[in-house]
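Reading the structure
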Amino acid sequence: MTDNDDRVAGLLLAAGGGRRLGGRPKALLAHRGRPLVEHAADVLRAAGCARVHVVLGARADTVRERAALGGCVLVDNPDWERGMGTSLRAGLASLAGTGARAALVSLVDQPGIGAAAMARVLAAYRDETSLASAAYDGVRGHPVLLGAAHWAGVAATATGDRGARAYLREHAEAIALVECGDVARPYDIDTEADLGRLE
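This text gives an overview of the structure that appears in the document. Just so we're clear, the structure is a prediction, and the values are computed from it rather than from any experiment. (Residues numbered from 1 in each chain as written. Predicted model: local features only at pLDDT ≥ 70, side-chain atom pairs only at ≥ 80, totals over all residues. Heavy atoms only, no water.)

Glancing now at the layout of surface pockets. Estimates place the volume of the largest pocket at around 950 Å³. The set of elements that each furnish at least two residues to the lining of the largest pocket consists of β1 (8-14), α3 (84-95), β6 (102-107), β8 (139-147) and α6 (165-170). With five residues, β8 is the single largest residue contributor to the lining of the largest pocket. Broken down by class, the residue content of the lining of the largest pocket amounts to 13 nonpolar, nine polar and 12 charged. (1 Å grid on protein atoms, 1.4 Å probe; cavity = no way out; pocket = protein on both sides within 12 Å on 5 of 7 lines; lining within 4 Å. Points joined across faces, edges and corners; volume = space filled by probe spheres on them. Helix = DSSP H or I, 4+ residues; strand = E, 2+ residues; numbered from the N terminus. Nonpolar A, V, L, I, M, F, W, Y, C, P; charged D, E, K, R; others polar.)

Pairing in this open sheet of seven strands is mixed, and the strands run β5-β4-β1-β6-β8-β7-β9 from one edge to the other. The outermost strands of the open sheet, each flanked by one partner alone, are β5 (73-76) and β9 (176-179). Sheet twist, expressed as the average angle between the axes of neighbouring strands with direction ignored, equals 25°. In this sheet, β6 lies alongside β1 in parallel orientation, the contact comprising six bridges. Residue pairing across strands places leucine 11 opposite valine 105, the latter belonging to β6. (Pairing = 2+ DSSP bridges. Axes fitted to C-alpha atoms, helices over the stretch in contact; angles between N-to-C directions.)

Following the criterion strictly, the structure yields one cavity of 30 Å³ or more and no others. What lines the largest cavity is simply Leu12, His39, Ala40, Val43, Ser106, Leu107, Val108, Gln110, Pro111, Ile113 and Met118. Looking at the lining of the largest cavity, the elements with two or more residues in it are α1 (36-47) and β6. In terms of residue count, the dominant contributor to the lining of the largest cavity is α1 (three residues).

As a further point, take the environment of alanine 50. By the element assignment, alanine 50 lies in the loop between α1 and β4 (52-56). Judged by relative accessible area, which is 47%, alanine 50 ranks as partly exposed. Residues alanine 50 and glycine 10, spaced 40 residues apart in sequence, show a C-alpha to C-alpha distance of 7.8 Å. (Buried < 20%, exposed > 50% of the residue type's maximum accessible area, 1.4 Å probe, protein only.)

Before going further, it helps to examine the environment of aspartate 79. Turning to its location among the elements, aspartate 79 is positioned in the loop between β5 and α3. Along the backbone, aspartate 79 and alanine 90 are 11 residues apart, and their C-alpha atoms lie at a distance of 9.2 Å.

What follows covers the side chain of aspartate 190. Of note, aspartate 190 is situated in the segment after β9. Assessed through its relative accessible area of 17%, aspartate 190 is described here as buried. Each residue touching aspartate 190, except ones within four places of it in the same chain, is listed here: Arg20, Leu21, Lys26 and Asp109. (Contact = heavy atoms within 4.5 Å.)

A few words now on a positive patch on the surface. A cluster of basic residues, Arg140, Arg162, Arg165 and Arg169, forms a positive patch at the surface. One can find arginine 140 in strand β8. (Patch = residues over 30% accessible without salt bridge, like charges linked within 9 Å, V, L, I, M, F, W, Y side chains within 5 Å. Areas by Shrake-Rupley, 256 points an atom, 1.4 Å probe, with all protein chains shown as cover. Salt bridge = Lys/Arg side-chain N within 4 Å of Asp/Glu carboxyl O. Lys, Arg positive; Asp, Glu negative; His and termini not counted. Charge placed at Lys NZ, Arg CZ, Asp CG, Glu CD.)

Quick look at unusual backbone geometry now. Following histidine 142, the chain continues to proline 143 via a peptide bond in cis, the omega torsion being 0°. Non-glycine residue arginine 59 carries a positive phi angle of around 50°. Tracing the backbone through its elements, the reader meets arginine 59 in the loop between β4 and α2 (60-66). Phi at aspartate 137 takes a positive value of approximately 50°, unusual for a residue other than glycine. Here aspartate 137 shows up in the loop between β7 (131-136) and β8.

Right, dumping it as structure tokens:
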């Protein structure tokens, strides 16, 4: 762990209800014998995030029962049905006052993005003005590193399922793109057909 890593909190967005998966919350999908949310939180830790906040929504009580998330800060998002933007806002709000100077934001439904890619983006942290994103063949993707100086702006524009997209588009010239295509596969688990990607 570098000196910077305690300043960057992992922020895992895991509140979705899995509408296109017949209402199965993505956090509870099985991957390598464990709930997907547990796997995703472990990836953030393995990348070097000492503090991990996990935003829960759909069937949050069941997620708490089934997933081993000890050491994580669990954040409830009562508005999860209104989209990922609400989860991002809840997660960033939960980091206020923690001393974190940046958040490494990852999504629960991208198990092809492992610790190697997360660590690369984490290494782009410089200070609270940092803004960085994984890139896959030059195309921006996840995870995204948001310095604390950007949190208010991100929260103000995070609506529906768009998360930080609008803010990042407005600040594209400030984003450090970190190529991760050689170490990660950025697919989403969104539909029944995608379930075959889980192990």
